[in-house]
Amino acid sequence: MSNTSRYVTVSIPKAIARKIDYLIEVLGYWPSRSAFVREACLEKITGEERRLRELRSSGGDGPIRTGGGAPSGD
C-alpha cells in the first residue's frame, strides 16, 4: 500500500451494505454510504479506546486481549 494515499478500501457483505443504504434512505441523515461507515467506525473506535482506558486503569498489567483485530502495522 502506498504511504501517500489518504484512503483505503474495505469490503463489507452486501447484506450489510443494503441495510446501510436502507437507513440512509429512510433517515436521510448521512449523505453517502461512506459517511455512514466512517461515523460508525469512529463511534466504535471511541468506545473501544474508552474500554482500553478503563481496563488499564483497573490495574491490569498484562496484555489486553479482546478478541478483536489489532492493527497489523501494514
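Bear in mind that the values here come from a model prediction, so they are computed numbers and not experimental data.

1. Things to note about the overall build of the chain
Scanning the chain from N- to C-terminus turns up two helices and zero strands. Sorting the 74 residues of the chain into buried and exposed places 7% on the buried side. When the accessible surface of the chain is totalled, it reaches about 6,900 Å², and 54% of it is carbon and sulfur.

2. A word on the packing of helix 1 (residues 14-27) against helix 2 (residues 33-57)
Between helix 1 and helix 2, the shortest axis-to-axis distance is 10 Å and the interhelical angle comes to 105 degrees. It follows that helix 1 is roughly perpendicular to helix 2 by the angle criterion. Where helix 1 approaches helix 2, its residues Ala17, Ile20, Asp21, Leu23 and Ile24 are matched on the opposing element by Arg33, Phe36 and Val37.

3. Considering the packing of aromatic side chains
Think of a pair of aromatic rings as described by two things: how far the centres are apart, and how the planes are tilted against each other in angle. Enumeration according to the criterion identifies two aromatic pairs in this entry. Ring centres of Tyr29 and Trp30 lie 5.0 Å apart, and the angle between their planes is 85 degrees; on these two criteria the pair is classed as edge-to-face. By relative accessible area, which is 58% here, Tyr29 ends up exposed. Aromatic side chains Trp30 and Phe36 sit 4.7 Å apart centroid to centroid with 70 degrees between the ring planes, which places their arrangement in the edge-to-face category. In terms of burial, Trp30 and Phe36 fall into one category: buried. Cluster of aromatic residues (ring-pair linked, three or more members): Tyr29, Trp30 and Phe36.

4. Quick notes on the pattern of salt bridges
What the rule picks out here adds up to three salt bridges. When the shortest N-O distance is used, the salt bridge between Glu48 and Lys44 registers 3.1 Å. Within this pair, Glu48 and its partner Lys44 are both found in helix 2, separated by four residues, close to a single helical turn. Taking the relative accessible area as the measure of exposure, Lys44 reaches 52% and is therefore exposed. Arg51 is the partner of Glu48 in a salt bridge, and the nearest nitrogen-oxygen pair spans 3.2 Å. In this pair, Glu48 and Arg51 are both assigned in helix 2, three residues apart and thus about one turn of the helix distant. Residue Glu48 is classed as partly exposed on the basis of its relative accessible area of 28%. In this structure, a network of salt bridges that share partners links the residues Lys44, Glu48 and Arg51.

What counts and what doesn't
Residues numbered from 1 in each chain as written. Predicted model: local features only at pLDDT ≥ 70, side-chain atom pairs only at ≥ 80, totals over all residues. Heavy atoms only, no water. Helix = DSSP H or I, 4+ residues; strand = E, 2+ residues; numbered from the N terminus. Buried < 20%, exposed > 50% of the residue type's maximum accessible area, 1.4 Å probe, protein only. Areas by Shrake-Rupley, 256 points an atom, 1.4 Å probe, with all protein chains shown as cover. Axes fitted to C-alpha atoms, helices over the stretch in contact; angles between N-to-C directions. Parallel < 35°, antiparallel > 145°, perpendicular 65-115°, else oblique. Contact = heavy atoms within 4.5 Å. Phe/Tyr/Trp six-rings, centres within 6.5 Å; stacked < 30°, edge-to-face > 60°. Salt bridge = Lys/Arg side-chain N within 4 Å of Asp/Glu carboxyl O.

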